[in-house]
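So you can see what is in the structure, the chains are spelled out below.
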Amino acid sequence: MTKNQFIVNIKNLNQYFGHTKLRNQILFDINLAVKSGEIMIMTGPSGSGKTTLLTLIGALRSVQEGSLKFLDQELCGASHEQLVKVRRQIGYIFQAHNLLDFLTARQNVQMSLELHKNIPKYEARIQSEAMLQAVKLGNRVNYYPSDLSGGQKQRVAIARALVSHPKLILADEPTAALDSKSGRDVVNLMQQLSKEQNCAILIVTHDNRILDIADRIIHMEDGRLIKEVS
Ligand SMILES: Nc1ncnc2c1ncn2[C@@H]1O[C@H](COP(=O)(O)OP(=O)(O)O)[C@@H](O)[C@H]1O
Ligand SMILES: [Mg+2]
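Residues numbered from 1 in each chain as written. Chains lettered and ligands numbered in written order. Predicted model: local features only at pLDDT ≥ 70, side-chain atom pairs only at ≥ 80, totals over all residues. Heavy atoms only, no water.

1. Side note on the confidence of the model for the chain
Here is step 1 of the chain: Mean pLDDT for the chain: 91, with 96% of residues reaching 70 or above.
Here is step 2 of the chain: The spread of mean pLDDT over the elements of the chain runs between strand E10 (residues 224-229), the lowest at 76, and strand E4 (residues 65-70), the highest at 97. (pLDDT = per-residue confidence, 0-100. Helix = DSSP H or I, 4+ residues; strand = E, 2+ residues; numbered from the N terminus.)

Okay, here's the thing in structure tokens:
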């Protein structure tokens, strides 16, 4: 794959919630391309449609109108099986870290790897521990989430998202629950790992303090991408 190939290519996308007469248009004529390895930040007021767009790109809901391609796969009209296949190639990081409380840090990361790739448990364990080292949690691999700080939990979530080396990471308000130092650490790590793995990252955020890590910033308002600052 060449460096500038589009990971995501969206053309004239419209999205609605609800049925028939009462349906509500949420996204209007979205056009957006994400390149391999690029870090893009999406800002915009609450309710403007950012999460909706992120879940469409992440194949977590069906695209209703227009075109959304993940690599060469069209997601508009894709079957459930096709969407599931696409999901395996994407890493997700959410505001609430969504770790499983009854699994250790290492087990949380390893479970993602075993779901995504058909690799032996022994290998998965080594790779999971290496990924936790990379997010500076090498000394916390056997801790449960309840014994980790907010920033540490979010770093486990990053390790979990990146361990299978996805070509795309989607992050919805990843620093919202963190103090500014932990938030900074978390995005610095995301930036560093994205460069190392040539992984594109799309981050939705209200956090102005992290805008500088972006290669490109886009702005959503009332369901429309209104301007591109570069
Ligand atoms: N499952 C849903 N059903 C109906 N409306 C929804 C649903 N999810 C979100 N919405 C509406 O879609 C709009 C965009 O929401 P969202 O994408 O979550 O915005 P943001 O992430 O920018 O805050 C809002 O008006 C919200 O009320
Ligand atoms: Mg949102």
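2. Describing the packing of helix H5 (residues 150-162) against helix H6 (residues 180-197)
Here is step 1 of the chain: Between H5 and H6, the shortest axis-to-axis distance is 9 Å and the interhelical angle comes to 15°. Considering the angle they form, H5 stands roughly parallel to H6. Of the two elements, H5 crosses H6, and the hand of that crossing is right-handed. In contact with Gly-151, Gln-154, Arg-155, Ile-158 and Leu-162 of H5, H6 contributes Ser-182, Val-186, Leu-189, Met-190, Leu-193 and Gln-197.
Here is step 2 of the chain: Taken together, the residues of the contact of H5 with H6 break down into six nonpolar, four polar and one charged. (Axes fitted to C-alpha atoms, helices over the stretch in contact; angles between N-to-C directions. Parallel < 35°, antiparallel > 145°, perpendicular 65-115°, else oblique. Left-handed = near helix turned anticlockwise from the far one by under 90°. Contact = heavy atoms within 4.5 Å. Nonpolar A, V, L, I, M, F, W, Y, C, P; charged D, E, K, R; others polar.)

3. Describing the layout of surface pockets
The method is simple in principle: a probe with the dimensions of a water molecule rolls over the atoms, and the space it marks as empty is what remains.
Here is step 1 of the chain: Estimated volume of the largest pocket: approximately 410 Å³.
Here is step 2 of the chain: Every residue lining the largest pocket is counted, 18 residues in all, and those nearest its centre are Tyr-92, Ser-112, Leu-115, His-116 and Arg-160.
Here is step 3 of the chain: Contributing elements (two or more residues each) for the lining of the largest pocket: helix H2 (80-87), strand E6 (90-93), helix H3 (105-116) and H5.
Here is step 4 of the chain: Considering each element in turn, the lining of the largest pocket owes the most residues, five residues, to H3. (1 Å grid on protein atoms, 1.4 Å probe; cavity = no way out; pocket = protein on both sides within 12 Å on 5 of 7 lines; lining within 4 Å. Points joined across faces, edges and corners; volume = space filled by probe spheres on them.)

4. Some words on the environment of Tyr-92
Here is step 1 of the chain: Structurally, Tyr-92 is set in strand E6.
Here is step 2 of the chain: The spacing of Tyr-92 and Leu-168 is 76 residues in sequence and 8.7 Å in space, taken between C-alpha atoms.
Here is step 3 of the chain: When near neighbours in sequence (up to four residues on either side) are disregarded, Tyr-92 contacts Gly-58, Leu-60, Arg-87, Ala-161 and Leu-170.
Here is step 4 of the chain: In terms of polar contacts, Tyr-92 uses its side chain to reach the backbone carbonyl oxygen of Gly-58, at 2.6 Å. (Polar contact = N/O pair within 3.5 Å; in protein donor to acceptor, adjacent residues only side chain to side chain.)

5. A word on the environment of Arg-216
Here is step 1 of the chain: Tracing the backbone through its elements, the reader meets Arg-216 in strand E9 (residues 216-221).
Here is step 2 of the chain: For the pair formed by Arg-216 and Ile-57, sequence separation is 159 residues and the distance between their alpha carbons is 17 Å.
Here is step 3 of the chain: Polar side-chain contacts of Arg-216 include one of 2.5 Å to the backbone oxygen of Ala-33.
Here is step 4 of the chain: Polar contacts involving the side chain of Arg-216 include one to the side chain of Glu-38, which spans 3.1 Å.

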